[in-house]
Amino acid sequence: MLVAVARHGSVTAAAHALNYAQPSVSHHLARLEAETGTKLVQRAGRGIRLTDAGRLLAERGVEVIGRLDAAENELAVFAGLRAGRLRLAAFPSALSTIVPAAAAILHERHPSVDLRLTEAEPPEAVRMLRAGYVDVALVFRHEAADSGRAGSRDTLVAPGRASQDDDPVQVTEQDDLREQVLLSEAVHLIMPDTAVCGGEPPLAPAVTELWAADLARLAEYRWIAGCDRCREHLLLQCASAGFTPRIAFTTDDFVAAQALVTAGLGVTLLPGLALRAARNPGVRTARLRGTRRCVVAVRYGEPPDPPATAVLLDALRLAASGSPSHAEAPSPEAVPVA
């Protein structure tokens, strides 16, 4: 009842959505307040609004109801009452690359499994996972890599753990979530290809990789920022080079970002998957050393995973291992900024 009131904004609307009489909803809310010993709703003009305690309980209620729904579906699969249903939330560049390949693998091996896909940036994907609306959330995070300017090897190791791609990595700050790194990919500076677009090149044509400190050479250029996490990463890299980027455009559409670059309206940073999904022939790239982006599959609750979730993870691992971004190494011909 409380979740319905929070969602619909009034007792009347909640009663209508639940097909209950309004006095019944009010009665249940009063009982809930008595059981919790705190005020959950209060009058606001001609309506009501949730107190801070009410909002907190409603948020947890959404998670509880979602987890119950997920448990019902998982149990139905075990009991053989229906074919496996899987729900996956993923960010756009993964939905354009890893996910279709994984879906094809899943369909070939387990044609009875019904896979549902939702596009969501990492924070929303994790919220959907906690609430039981999806079984797996594909998210990304940026991490430091390359301990030195030469001869270093990119590694991604959680504190106190061995570096094993197939070893689930516990999330220390959120111990109800489990995550597994599927791939680690390079981040690239995206510039206009002057051979195609004309004009003066931001960096010498021979430069194919650079370090964050070298971004200072582009301090006078306008920049194109992405989603909140990508924007934060851009600001961090530019700050390490000693400047604040002049962000002229913000878009989480990597196709639009490249189009803005080719139009001479700025430069940007994009990960390998975005370029694999759609690369504009008018852009030129240089790998940004010292940072990489991890693509991570996140699940909720204690192991083991339900059988259907386990086969989805296997398909995602196979799809990611076939990605050119999975094991990128500096090209022998790569020319760093001098």
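Thresholds applied
- Residues numbered from 1 in each chain as written.
- Predicted model: local features only at pLDDT ≥ 70, side-chain atom pairs only at ≥ 80, totals over all residues.
- Heavy atoms only, no water.
- Helix = DSSP H or I, 4+ residues; strand = E, 2+ residues; numbered from the N terminus.
- Buried < 20%, exposed > 50% of the residue type's maximum accessible area, 1.4 Å probe, protein only.
- Contact = heavy atoms within 4.5 Å.
- Arc of directions from axis to C-beta.
- Polar contact = N/O pair within 3.5 Å; in protein donor to acceptor, adjacent residues only side chain to side chain.
- Salt bridge = Lys/Arg side-chain N within 4 Å of Asp/Glu carboxyl O.
- pLDDT = per-residue confidence, 0-100.
- Phe/Tyr/Trp six-rings, centres within 6.5 Å; stacked < 30°, edge-to-face > 60°.
- Lys NZ or Arg CZ within 6 Å of the ring centre and 35° of its normal.
- Pairing = 2+ DSSP bridges.
- Right-handed = clockwise from strand over helix to strand, strands pointing away.
- 1 Å grid on protein atoms, 1.4 Å probe; cavity = no way out; pocket = protein on both sides within 12 Å on 5 of 7 lines; lining within 4 Å.
- Points joined across faces, edges and corners; volume = space filled by probe spheres on them.
- Nonpolar A, V, L, I, M, F, W, Y, C, P; charged D, E, K, R; others polar.
- Axes fitted to C-alpha atoms, helices over the stretch in contact; angles between N-to-C directions.
- Parallel < 35°, antiparallel > 145°, perpendicular 65-115°, else oblique.
- Left-handed = near helix turned anticlockwise from the far one by under 90°.

1. Considering the overall build of the chain
- When helices and strands are counted, the chain shows 12 helices and 12 strands.
- With 338 residues in all, the chain has 44% of them scored as buried.
- At a minimum sequence separation of 6, the contacts of the chain that also span at least 24 residues come to 72%.

2. Here we look at the side chain of His233
- Structurally, the position occupied by His233 is in helix 9 (residues 228–240).
- Beyond its immediate sequence surroundings of up to four residues, His233 is in contact with His142, Val187, Leu269 and Thr291.

3. So, helix 10 (residues 254–262)
- Among the residues making up helix 10, those that are buried are Phe254, Ala257, Gln258, Leu260 and Val261. All buried residues of helix 10 lie within an arc of 155° about the axis, which places them on one face of the element.
- Two or three places before Val255, at the start of helix 10, stands the capping residue Asp253, its side-chain oxygen 2.9 Å from that residue's backbone nitrogen.

4. Some thoughts on the environment of Val126
- For Val126, the position within the fold is in helix 7 (residues 122–130).
- Classification of Val126 as buried rests on a relative accessible area of 16%.
- Considering only alpha carbons, one finds Val126 and Leu177, 51 residues apart in sequence, at a separation of 9.0 Å.
- If we ignore the near neighbours within four places in the chain, the residues touching Val126 are Ala137, Val139 and Leu177.

5. Description of the pattern of salt bridges
- Going through the model one piece at a time under the given rule, you end up with 12 salt bridges.
- We note a salt bridge from Arg31 to Glu35, for which the minimum N-O separation is 4.0 Å. With Arg31 and Glu35 both in helix 3 (residues 22–36) and four residues apart, this pair spans about one turn of that helix.
- Glu35 sits in the exposed class, given a relative accessible area of 59%.
- Connected through shared salt-bridge partners, Arg141, Glu143 and Glu179 make up one network.

6. Overview of the side chain of Thr268
- Note that Thr268 resides in strand 11 (residues 267–271).
- In this structure Thr268 comes out as buried when scored by relative accessible area, which is 3%.
- There is a polar contact of 2.6 Å between the side chain of Thr268 and the backbone oxygen of Ile224.
- Excluding residues that lie within four positions of it along the chain, Thr268 makes contacts with His188, Leu189, Ile190, Trp223, Ile224 and Val261.

7. Here's the deal with the confidence of the model for the chain
- Averaged over every residue, the pLDDT of the chain is 82; residues scoring 70 or more account for 83%.
- Mean pLDDT across the elements of the chain ranges from a minimum in strand 6 (residues 169–170), with 35, to a maximum in strand 11, with 97.
- Across residues 147–173 the pLDDT falls below 50, and counting only partners more than four positions away or on other chains, this stretch makes 36 contacts in the model.
- Within the model, the stretch residues 326–334 combines pLDDT values under 50 with 17 contacts to residues more than four positions away or in other chains.

8. Re the packing of aromatic side chains
- On inspection of all chains with the given rule, the structure shows two aromatic pairs.
- Aromatic side chains Phe91 and Phe140 sit 5.0 Å apart centroid to centroid with 75° between the ring planes, which places their arrangement in the edge-to-face category. Taken together, the residues span a long stretch of sequence, with Phe91 in the loop between strand 3 (85–90) and helix 5 (92–95) and Phe140 in strand 5 (residues 136–144) at a distance of 49 residues.
- Between Trp223 and Phe243, the aromatic rings sit 6.3 Å apart at their centres with planes inclined by 40°, giving tilted as the arrangement. Pair noted here: Trp223 is in strand 9 (residues 222–225) and Phe243 is in the loop between helix 9 and strand 10 (246–250), with a separation of 20 residues, a long-range link.
- A relative accessible area of 12% means that Phe243 is categorised as buried.
- Geometry around Phe140 places Arg293 over its ring, the cationic atom sitting 4.6 Å from the centre.

9. Description of the pairing of strand 10
- Across four bridges, the pairing between strand 9 and strand 10 is parallel. Bridging from a neighbouring strand, Ala225 pairs with Thr250 of strand 10.
- After leaving strand 9, the chain enters helix 9 and then returns to the sheet as strand 10, a path that is right-handed.

10. So, empty space enclosed by the protein
- The final tally for this structure, using the stated rule, is two cavities of 30 Å³ or more.
- Its boundaries defined by the atoms lining it, the largest cavity holds a volume of some 300 Å³.
- What lines the largest cavity is a set of 26 residues, among which Gly226, Cys227, Cys230, Leu270 and Pro271 lie closest to the centre.
- Residue assignment for the lining of the largest cavity shows that the elements contributing at least two residues are helix 5, strand 5, strand 9, helix 9, helix 10 and strand 11.
- When grouped by side-chain class, the residues that make up the lining of the largest cavity number 15 nonpolar, six polar and five charged.

11. A look at unusual backbone geometry
- Cis peptide bonds are those with omega within 30 degrees of zero, and the linkage from Pro303 to Pro304 qualifies with 0°.
- Here the phi dihedral of Asn19 falls at roughly 60°; this positive angle occurs in a residue that is not glycine.
- Along the chain, the position of Asn19 falls in the loop between helix 2 (11–18) and helix 3.

12. What about the packing of helix 6 (residues 98–109) against helix 12 (residues 307–321)?
- Their axes nearest at 8 Å, the elements helix 6 and helix 12 cross at an angle of 130°. As far as their axial angle goes, helix 12 and helix 6 are oblique. As helix 6 runs across helix 12, the sense of the crossing is right-handed. Of helix 12, the residues touching helix 6 (which contributes Ile98, Ala101, Ala102, Ile105, Leu106 and Arg109) are Val311, Leu312, Ala315, Leu316, Leu318, Ala319 and Ala320.
- Of the residues assigned to the contact of helix 6 with helix 12, the class counts are 12 nonpolar, no polar and one charged.

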